Amino acid sequence: MKPRYLLILTVALALTGIKQSCFAQATGNFKPQKELLHLINLNFNADARQYKLMAQALTPGRFPKTYEPATGKFETSNSGWWCSGFYAGTLLNLYKATYDTQLLKKANLSLDSLDKEQYNTHTHDLGFMMYCSFGTASRIAPKPEYKQILINSAKSLATRFNPAVGCIKSWDSKPTDFLVIIDNMMNLELLFWATRETGDSSFYKIAVTHANTTMKNHYRADYSSYHVVNYNPQTGAVLQKKTAQGYADESAWARGQAWGLYGFTVMYRETKNKKYLEQAQHIAHFILTNPNLPADGIPYWDFNAPNIPAALRDASAGAIMASALLELCRYSDKKDGLIYFNTAQTIIKTLLSPAYLAAPGSNGGFILKHSVGHMPNKTEIDVPLTYADYYFVEAMERYKDFTTQ
Ligand code: GLY
């Protein structure tokens, strides 16, 4: 869509909202629509039923990964898979929304199988795995054991930091490589939490250094991001900028853009340093004015996918973007904030439509259809994914939060 049409669409959405006077009680610039809030509340109950259905199919100690709609095959993982924390996190967020204690029970069972990952030093994904799960559990009902698990997880993550590079290592590889992916921005929130809880500023410093190095080397002049940067582990020199999950080295892989948007928004929340806010706003500008962003807000799996408009969409990238924009709008001026809020609202509406929302009892219990995991690998293509559900539920909760300001 051309930028001017996007602008017209967002302004039109804002005006429609004003004309209909259908706002829930709210203060501030952003006024959620009553009908959408109603739909979200109904949907939380439906989501809870979906996740209870999924729970029935899970064997103890396993974690949902995806579901093949064509074959009915439910794929699971062990606790070491980068997505292992999203299931408990979604159950807990749905528990918060519905007070259905069965969800809490299922979440606690999953946390029991996950807690050994606090000592895993072979992954950079500990933020996803442990903060989305134990961090959420801790916010709902803090417990000393959750706190200790999260501190140990932050310590494990910090072992992967290399001061010569100024980054946490993402993927283990040969000793002459030091691979950092944009997704890694999402694991920094755990480090900020750890400094707050322990008073040890080294976690904070690692997060800030990683973000600064990423800002310098991962981003192009148009504020799109490379997926992977390979550094010399001794000198920190950049060896390669490339992709792993995107269409091409120079393309803009949609979920990577979403991770960066979310990650730099968190950086601003945690540091209040304006350079991170500006970075997040530049990334938002790249995404929202991109001629290849469809009007319904759900990106193609890569902004430069070769067969647009026939290319597959990635619901997970849309959900992550919606959630990030609903935080970024709070830190932005009224004009940009409204664009972010209205775009997030559009994405939520699209994901709540039958095109993306699974019919009750279908989709292996997952909430959303149509995400793309790893196109070049030919895995998880046009399927449900745990992180699409997690960030969709989070986005809907964030939207609801505007009624209680
Ligand atoms: N590597 C995490 C993702 O697929 O977004």
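Residues numbered from 1 in each chain as written. Predicted model: local features only at pLDDT ≥ 70, side-chain atom pairs only at ≥ 80, totals over all residues. Heavy atoms only, no water.

Chemist: How should the overall build of the protein chain be read in this particular structure?
Modeler: On a plain count of helices and strands, the protein chain comes out with 13 helices and nine strands. The globule rule puts the C-alpha radius of gyration for 405 residues at 22 Å, and the 20 Å found for the protein chain is close to it. Overall, the protein chain is about 60 × 45 × 45 Å in size when its C-alpha atoms are taken along their principal axes. Here the protein chain contributes 41 positively and 33 negatively charged side chains, and the mean placements of these two sets differ by 3 Å. (Helix = DSSP H or I, 4+ residues; strand = E, 2+ residues; numbered from the N terminus. Rg over C-alpha atoms; globule rule 2.2 N^0.38 Å. Lys, Arg positive; Asp, Glu negative; His and termini not counted. Charge placed at Lys NZ, Arg CZ, Asp CG, Glu CD.)

Chemist: Quick question: what am I supposed to make of the pairing of strand 8 (residues 371–374) here?
Modeler: Two faces, one strand: in a regular strand the side chains alternate between the faces of the sheet. One ladder, built from three bridges, connects strand 8 with strand 9 (residues 379–383); its direction is antiparallel. Bridge assignment links Ser 371 to a residue of strand 9, and that residue is Val 383. (Pairing = 2+ DSSP bridges.)

Chemist: Even after reading the chapter, I still don't get the packing of helix 12 (residues 334–351) against helix 13 (residues 386–401), so can you show me in this structure?
Modeler: Packing of helix 12 against helix 13 leaves a shortest axis separation of 11 Å and a crossing angle of 130°. By the criterion of interaxial angle, the relationship of helix 12 to helix 13 is oblique. For helix 12 against helix 13, the interelement crossing comes out left-handed. Of the residues in helix 13, those in contact with Phe 341, Gln 345, Ile 348 and Leu 351 of helix 12 are Phe 392, Ala 395, Met 396 and Tyr 399. Along the lines of polarity and charge, the residues of the contact of helix 12 with helix 13 split into seven nonpolar, one polar and no charged. (Axes fitted to C-alpha atoms, helices over the stretch in contact; angles between N-to-C directions. Parallel < 35°, antiparallel > 145°, perpendicular 65-115°, else oblique. Left-handed = near helix turned anticlockwise from the far one by under 90°. Contact = heavy atoms within 4.5 Å. Nonpolar A, V, L, I, M, F, W, Y, C, P; charged D, E, K, R; others polar.)

Chemist: Hey, could you run me through helix 13 in this one?
Modeler: Residues spaced three or four apart along an α-helix point in a common direction, a consequence of the helix completing one turn every 3.6 residues. Between its first and last C-alpha, helix 13 extends 23 Å over 16 residues, near the 22 Å set by a 1.5 Å rise per residue. Among the 16 residues that make up helix 13, 14 are buried, leaving the element largely enclosed by the rest of the structure. (Expected span 1.5 Å × (residues − 1). Buried < 20%, exposed > 50% of the residue type's maximum accessible area, 1.4 Å probe, protein only.)

Chemist: Is there a simple way to think about the environment of Lys 52 in this case?
Modeler: Summarising the element assignment, Lys 52 is placed in helix 2 (residues 34–57). Spatially, the C-alpha atoms of Lys 52 and Phe 30 are 33 Å apart, while their sequence positions differ by 22 residues. Discounting chain neighbours no more than four positions away, the residues touching Lys 52 are Asp 100, Gln 102 and Leu 103.

Chemist: When you look at the confidence of the model for the protein chain in this model, what are you seeing that I'm missing?
Modeler: Note: predicted coordinates in regions of low pLDDT should not be interpreted at a detailed level. The pLDDT averaged across the protein chain works out to 93; a share of 93% of its residues lies at or above 70. In this model, residues 1–27 is a region of pLDDT below 50 whose contacts with residues beyond four sequence positions or in other chains number 39 contacts. (pLDDT = per-residue confidence, 0-100.)

Chemist: Please clarify how helix 2 should be interpreted in this entry.
Modeler: Over its 24 residues, helix 2 runs 35 Å from end to end, which matches the ideal 34 Å to within 8%, given 1.5 Å per residue. Among the residues of helix 2, Leu 36, Leu 37, Ile 40, Asn 43, Phe 44, Asp 47, Ala 48, Gln 50, Tyr 51, Lys 52, Met 54 and Ala 55 are the ones counted as buried.

Chemist: I tried to follow the state of the cysteines on my own but got confused; where do I start?
Modeler: Here a disulfide denotes one covalent bond, and it connects the sulfur atoms of two cysteines. This model, assessed by the stated rule, comprises zero disulfides. The structure places no disulfide on Cys 83, whose sulfur is separated from the nearest cysteine sulfur, that of Cys 132, by 9.9 Å. (Disulfide = S-S within 2.5 Å.)

Chemist: What is the right way to look at the site of the ligand in this model?
Modeler: Taken together, Trp 82, Asp 183, Gln 245, Trp 253, Arg 255, Trp 259 and Tyr 387 make up the full set of residues adjacent to the ligand. At 2.7 Å from a nitrogen atom of the ligand is found a side-chain nitrogen or oxygen belonging to Asp 183. Within the side chain of Gln 245, a nitrogen or oxygen atom sits 2.7 Å from an oxygen atom of the ligand. Here the ligand loses 92% of its free accessible area of 200 Å² to cover by the protein chains. Partitioning the shell around the ligand into residue classes produces four nonpolar, one polar and two charged. (Near = heavy atom within 4 Å. Polar contact = N/O pair within 3.5 Å; in protein donor to acceptor, adjacent residues only side chain to side chain. Areas by Shrake-Rupley, 256 points an atom, 1.4 Å probe, with all protein chains shown as cover.)

Chemist: When you look at unusual backbone geometry in this model, what are you seeing that I'm missing?
Modeler: With the exception of glycine, most residues fall at negative phi, and the peptide bonds are largely trans. Here the amide bond leading from Ile 308 into Pro 309 is cis, since omega sits at 10°, within 30 degrees of zero. Tracing the chain through its elements places Pro 309 in the loop between helix 10 (274–288) and helix 11 (315–331). The phi torsion at His 370 lies on the positive side, around 65°, for a residue other than glycine. Tracing the chain through its elements places His 370 in the loop between helix 12 and strand 8. Judged by relative accessible area, which is 26%, His 370 ranks as partly exposed. With a phi close to 60°, Asp 382 is a non-glycine residue in the positive phi region. Structurally, Asp 382 can be placed in strand 9. By relative accessible area, which is 28% here, Asp 382 ends up partly exposed.

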